[in-house]
Amino acid sequence: MTINIADFGDVLVSRPSGREAFLGASSYLLNGADNATDFVLDFAGVKVLTPSWADEFIRGLKETYSSHISYINTDNESVKASLDILTA
């Protein structure tokens, strides 16, 4: 299942906001949208991503739904740096 991260905004900066985005996505996933265990996170359109926002969202997905998450459209330096921190 592909999740368009820009649906949560183009400036994603706080831990509470990341948690709120995860909970919103969870309610969509729990309502039968898809029972996928593999997720693709699409960062097209995201201007700023902080490690704290990404940590809340990605960790929530991993712990609740999936052990496999892949990323696309990660050319933005902010997105690259945040993902590098989380995957180090």
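Our structure is the block above this text.
In this text, all values refer to a predicted model and were calculated from it rather than measured experimentally.

(A) Highlighting the sheet that holds strand S3 (residues 38-42). If you walk across this open sheet you meet the three strands as S1-S3-S5, and the pairing is parallel. In the strand order of this sheet, the two ends are held by strand S1 (2-4) and strand S5 (68-72), each with one partner. This sheet shows a mean twist of 25° between the axes of neighbouring strands, independent of strand direction. For S3 and S5, the ladder comprises five bridges, and the chain directions are parallel. Each bridged residue has a counterpart across the sheet, and for aspartate 38 the counterpart in S5 is histidine 68. Strands in contact with helix H2 (residues 51-64) are S1, S3 and S5; relative to S5, the strand with the most contacts, it is inclined by about 145°.

(B) Molecular detail of the pattern of salt bridges. Counted under the stated rule, the structure contains six salt bridges. We note a salt bridge from arginine 15 to aspartate 55, for which the minimum N-O separation is 2.8 Å. Taken together, the positions of arginine 15 in helix H1 (residues 15-33) and aspartate 55 in helix H2 put the pair 40 residues apart, joining distant regions of the chain. Residue class for arginine 15 comes out partly exposed when judged on its relative accessible area of 36%. Put simply, Arg15, Asp55, Glu56 and Arg59 are held in one network by salt bridges that share partners.

(C) Main features of the side chain of serine 82. Tracing the backbone through its elements, the reader meets serine 82 in helix H3 (residues 77-87). Residues within four places of serine 82 in sequence aside, it is in contact with Leu49, Thr50 and Pro51.

(D) Spatial organisation of the environment of serine 78. Secondary-structure assignment places serine 78 in helix H3. Overall, serine 78 belongs to the partly exposed group, its relative accessible area being 21%. Serine 78 sits 27 residues away from proline 51 along the chain, and the two C-alpha atoms are 9.1 Å apart. Once you skip the residues sitting within four places of it in the chain, serine 78 turns out to touch Lys47, Val48 and Leu49. Looking at serine 78, its side chain comes within polar contact range of the main-chain nitrogen of leucine 49, at 2.8 Å.

(E) Examining the environment of valine 40 more closely. Turning to its location among the elements, valine 40 is positioned in strand S3. Given a relative accessible area of 23%, valine 40 falls into the partly exposed group. In sequence terms valine 40 and serine 70 are 30 residues apart; their C-alpha atoms lie 4.8 Å from each other. The contacts of valine 40, once residues within four sequence positions are left out, are Met1, Thr2, Ile3, Ser70 and Ile72.

What counts and how
- Residues numbered from 1 in each chain as written.
- Predicted model: local features only at pLDDT ≥ 70, side-chain atom pairs only at ≥ 80, totals over all residues.
- Heavy atoms only, no water.
- Pairing = 2+ DSSP bridges.
- Helix = DSSP H or I, 4+ residues; strand = E, 2+ residues; numbered from the N terminus.
- Axes fitted to C-alpha atoms, helices over the stretch in contact; angles between N-to-C directions.
- Contact = heavy atoms within 4.5 Å.
- Salt bridge = Lys/Arg side-chain N within 4 Å of Asp/Glu carboxyl O.
- Buried < 20%, exposed > 50% of the residue type's maximum accessible area, 1.4 Å probe, protein only.
- Polar contact = N/O pair within 3.5 Å; in protein donor to acceptor, adjacent residues only side chain to side chain.

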